[in-house]
Amino acid sequence: ARLAGLVLRVLRLDDLSLWADEGVTWWNATAGGWKDAFFAESNHPPVWWWVTRASLASWPGDEAALRLPAVACGVLALVLTWRLFVRLTDGARTPGRGGFVGGDGSTAVWVTVLAAVNPFWIEYAQEARMYAALLAEALGLSLLYLRWLDRGGRGTLVAYGVLASVALHTNY
């Protein structure tokens, strides 16, 4: 399912030209320097502009390179979806606290397949915008919460706080 998700996210990645918001991403990723990306827009935090700036520095001058971080985040979201639903549905892996009862472990496969072919998830993973990153961050936060329910611990809370801060600086 994850391989199919990758193929669907890369397939026809550069067929469409940049639309208005992607043009804003291009501008924020190419105009000025790294410091300018920090203050690029008052209504969007800077993390995504830095990510796309780094992508264009690695593969310069290409619309596909501008969209590659979203593709990577979209594929990461599929991996995290699978892991999350394994944790929620496999009776041997459900958290000890929180009232989770588990269920059929194969549910994770079906949910991941549905996520892999979901047209909205594919579209967001092909846009040079921060939506796929925010999805992956939210799934990661859910997994960290479940880990905290199981194990507790300061390290998990610190990781949760760091990822929550990154998510808040990705999109408001």
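Above this text sits the structure in question.
The text that follows walks through the structure, step by step, so that each part is easy to find. Values in this document were obtained by computation on a predicted structure and should not be read as measured data.

## Some thoughts on the packing of helix H8 (residues 131–151) against helix H9 (residues 154–168)
Thought 1: Where H8 meets H9, the axes come as close as 10 Å, and the angle between the chain directions of the two elements is 165°. Classed by the angle they form, the pair H8 and H9 counts as roughly antiparallel. Handedness of the crossing formed by H8 with H9: left-handed. In contact with Leu134, Glu137, Gly140, Leu141, Leu144, Tyr145, Arg147 and Trp148 of H8, H9 contributes Thr156, Leu157, Ala159, Tyr160, Leu163, Ala164, Val166 and Ala167.
Thought 2: Taken together, the residues that form the contact of H8 with H9 break down as 12 nonpolar, 2 polar and 2 charged.

## Topic: the side chain of threonine 25
Thought 1: Tracing the chain through its elements places threonine 25 in helix H2 (residues 20–30).
Thought 2: Of the residues examined, threonine 25 reaches a relative accessible area of 0% and is grouped as buried.
Thought 3: Within the structure, the side chain of threonine 25 is placed 3.0 Å from the side chain of arginine 129, a separation counted as a polar contact.
Thought 4: The contact partners of threonine 25, leaving out residues within four places of it in the chain, are Trp48, Trp49, Thr52, Leu66, Ala128 and Arg129.

## As for the pattern of salt bridges
Thought 1: Throughout the structure, instances matching the rule amount to 1 salt bridge.
Thought 2: Measuring nitrogen to oxygen at the nearest pair gives 2.9 Å for the salt bridge that ties arginine 87 to aspartate 150. Pair noted here: arginine 87 is in helix H5 (residues 63–89) and aspartate 150 is in helix H8, with a separation of 63 residues, a long-range link.
Thought 3: Exposure remark for aspartate 150: the relative accessible area of 37% places this residue in the partly exposed category.

## Some words on the packing of H5 against H8
Thought 1: Relative orientation of the contacting elements H5 and H8 amounts to 25°, with a least axis distance of 8 Å. Classified by the interaxial angle, the pair formed by H5 and H8 is roughly parallel. Crossing angle aside, the handedness with which H5 passes H8 is left-handed. Contact residues: Ala70, Cys73, Gly74, Leu76, Ala77, Leu80, Thr81, Arg83, Leu84, Arg87 and Leu88 in H5; Ala132, Ala133, Leu135, Ala136, Leu139, Gly140, Ser142, Leu143, Leu146, Arg147 and Asp150 in H8.

Rules used in this analysis
Residues numbered from 1 in each chain as written. Predicted model: local features only at pLDDT ≥ 70, side-chain atom pairs only at ≥ 80, totals over all residues. Heavy atoms only, no water. Axes fitted to C-alpha atoms, helices over the stretch in contact; angles between N-to-C directions. Helix = DSSP H or I, 4+ residues; strand = E, 2+ residues; numbered from the N terminus. Parallel < 35°, antiparallel > 145°, perpendicular 65-115°, else oblique. Left-handed = near helix turned anticlockwise from the far one by under 90°. Contact = heavy atoms within 4.5 Å. Nonpolar A, V, L, I, M, F, W, Y, C, P; charged D, E, K, R; others polar. Buried < 20%, exposed > 50% of the residue type's maximum accessible area, 1.4 Å probe, protein only. Polar contact = N/O pair within 3.5 Å; in protein donor to acceptor, adjacent residues only side chain to side chain. Salt bridge = Lys/Arg side-chain N within 4 Å of Asp/Glu carboxyl O.

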